[in-house]
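Report on the structure
Residues per chain are reported as follows:
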Amino acid sequence: MTDRAIAGVGAYVPSDRIAAQEFTEALGTFGGTGIQQKSVPAVDEDSLTMAAEAATIALETTGIEPESVDGLSLATTTPPMDEEDPTPRLASMLALDDDVETTLHTGSTLAGVEALTTGLERDGDDATLVVASDAPRGAPDSAIEHAAGAGAVAFVLTDDGAATVVDRGTASEPYPGTRFRAHGEPETASLDATAYERASFNDLLSAATANLETDSIDAAAVQAPNGKLPYRAAGSLGVETGDIQACATVHDVGDVGAASALLSLAVAVDDDAERVLVAGYGSGASATALLVENDGVDATLEIDADGEGLSYAHYLRRRGELTSGEPDGGGAYVSVPTWKRSIPQRYRLDAGRCPDCGALSLPPDGACDGCGALVEYESVRLAGTGTVEAVTTIQQGGAPPEFVEQQARDGAFQSAVVAFDGPGGETVSLPAQVIGEVDVGDAVESTIRRVYEQEAVIRYGLKVRPR
């Protein structure tokens, strides 16, 4: 179907979970059919930060350098802003070249499979990066919310990848009202017309796979809005329920929207499945099915739960249902233009080396931190690893105003001074918010998270976590 193929896969799922039992004990019912637990993003995580995590893992897995990536596609039903293309920020976070061609796929849960299909059709790229990342959200008492998880998966595509799409089928038919989000609404809804929604799911997937040879597959990566519907579509897809269960993630992760079918594909290739059916579905409705032949794709999946098992009350705090938001006034105002100028340091730790004395300065402007001379710095990128030199805990009432909402939703957090490693063995000390807990002397690594919002503009930057 195309000469391009999948060279490597990376996946990231937030480690915190909430069990179905927590909903049942709190509400007397749980609407996430077939789901035992689901992933819950941290307060400072969204579809963009998860995309950066998965893409970083995929690039490290394949050994592809960022400057070799010519095309970047992001798929999500939950972009951080209703109107603002997040792909330039993602490209900057990943240190891709300024001329990388970016595309955004959104509007339905089929967006992930659409992005992969489009990426495989690109010609002339040394490498293409396709990322599907999502964190759907519904009303607190809805089946959509009970099933909604969070996660991201990324694929590096090259001309000599080890997994090839050998056949494809598509289908579309108008099914209005099966799953939708109205203008300006943060929560996805449906009409709860169960038979109607099931007919849409089965009919479209059946039509998309009608001409594909599905009788010899090892696994079926099927869109999973809950833990039951994919299995009810097995007959329509021409597969066994065991083929779906072989790579299903919905039972332990929940519904990850546009990343759903592709996250299951990642599990399948990580398990060395040689022939995989990918069945993506999006309300509206449309479906795309892919037959993938895998000859040993490298995959690194960070999807195991090792974080906190949340109570229902803590879960509501995470959602912001029990907090009052940021207080008025008093925060450290940083204008968007000023923040923009500091993005190379905030996203990638771009420092400067003094040509006179060799000292590193970050940010690389003004007088040299070593000799005090006003110089033209040589650009140097720090590795993003370091050692904790000092640490303090920000308790309730102690957080700066722009961090009060985070503290209220997730409790106390640490702030540390970290000696980041330089390329010549030297270090540069900087303050950084901590994800998790650290002590002085601990090794840490940087990652991208939301820092805060100001003037309704989301500010992203580096934080650190134990390594």
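Residues numbered from 1 in each chain as written. Predicted model: local features only at pLDDT ≥ 70, side-chain atom pairs only at ≥ 80, totals over all residues. Heavy atoms only, no water.

**So, helix α11 (residues 260-270)**
Of all 11 residues that make up α11, 10 are buried, and the element is covered over most of its length. For α11, every residue scored as buried is listed here: Ser260, Ala261, Leu262, Leu263, Ser264, Leu265, Ala266, Val267, Ala268 and Val269. Looking at the residues trailing α11, positive phi occurs at Asp272, about 65°. (Buried < 20%, exposed > 50% of the residue type's maximum accessible area, 1.4 Å probe, protein only. Helix = DSSP H or I, 4+ residues; strand = E, 2+ residues; numbered from the N terminus.)

**With respect to the pattern of salt bridges**
One pass over the structure, following the stated rule, counts 26 salt bridges. Residue Glu84 is joined to Arg89 by a salt bridge in which the shortest nitrogen-to-oxygen separation is 3.0 Å. Residue Arg89 is classed as buried on the basis of its relative accessible area, which comes to 16%. One salt bridge in this structure joins Glu121 and Arg168, with 3.0 Å as the shortest N-O distance. Taken together, the residues Glu121 in the loop between α4 (111-120) and β6 (127-134) and Arg168 in strand β8 (residues 163-175) connect sequence positions 47 residues apart. Looking at Arg168, the relative accessible area reads 32%, which means it is partly exposed. Residues joined by salt bridges that share partners form a network here, namely Lys38, Arg137, Glu145, Glu187, Arg319 and Glu321. (Salt bridge = Lys/Arg side-chain N within 4 Å of Asp/Glu carboxyl O.)

**Considerations on the sheet that holds strand β18 (residues 427-433)**
Strand order in the open sheet made by the 5 strands is β18-β17-β16-β19-β20, with antiparallel pairing throughout. Edge positions in the sheet fall to β18 and β20 (457-466), since each of these pairs with one other strand and no more. Strand after strand, the sheet turns through a mean of 30° between neighbouring axes, direction not considered. When strand β17 (residues 413-421) meets β18, the two strands line up antiparallel, connected through 7 bridges. The residue bridging Ala419 from the neighbouring strand is Ser429, located in β18. (Pairing = 2+ DSSP bridges. Axes fitted to C-alpha atoms, helices over the stretch in contact; angles between N-to-C directions.)

**Points about the domain arrangement of the protein chain**
Frequently, the measure chosen for interface size is the accessible area that the parts lose on association. According to the domain assignment, the protein chain consists of domain 1 (5-319) and domain 2 (336-466). The centre of domain 1, based on its C-alpha atoms, is set 32 Å off from the matching centre of domain 2. Between domain 1 and domain 2, the residue contacts involve 19 residues of the former and 22 residues of the latter. Summed over both sides, the interface between domain 1 and domain 2 buries roughly 1800 Å², with carbon and sulfur atoms accounting for 46% of that surface. It is Val43, Asp44 and Met93 in domain 1 that bury the most area against domain 2; as a group they hold 32% of the surface buried on that side. Inspection of the region where domain 1 meets domain 2 yields 6 salt bridges. (Domains from an automatic or database assignment. Contact = heavy atoms within 4.5 Å. Buried area = accessible area lost by both parts, 1.4 Å probe.)

**Brief notes about the packing of aromatic side chains**
By the definition in use, this model includes 9 aromatic pairs. Aromatic pair Phe23 and Tyr312: ring centres 5.3 Å apart, planes at 65°, arrangement edge-to-face. Placement of the pair is Phe23 in helix α1 (residues 20-27) and Tyr312 in helix α12 (residues 312-319), with a sequence separation of 289 residues. Classification of Tyr312 as buried rests on a relative accessible area of 11%. Taken together, Phe23, Phe30, Tyr312 and Tyr315 form an aromatic cluster joined through their ring pairs. Between the NZ or CZ atom of Arg346 and the centre of the ring of Trp339, over which it lies, the distance is 3.6 Å. (Phe/Tyr/Trp six-rings, centres within 6.5 Å; stacked < 30°, edge-to-face > 60°. Lys NZ or Arg CZ within 6 Å of the ring centre and 35° of its normal.)

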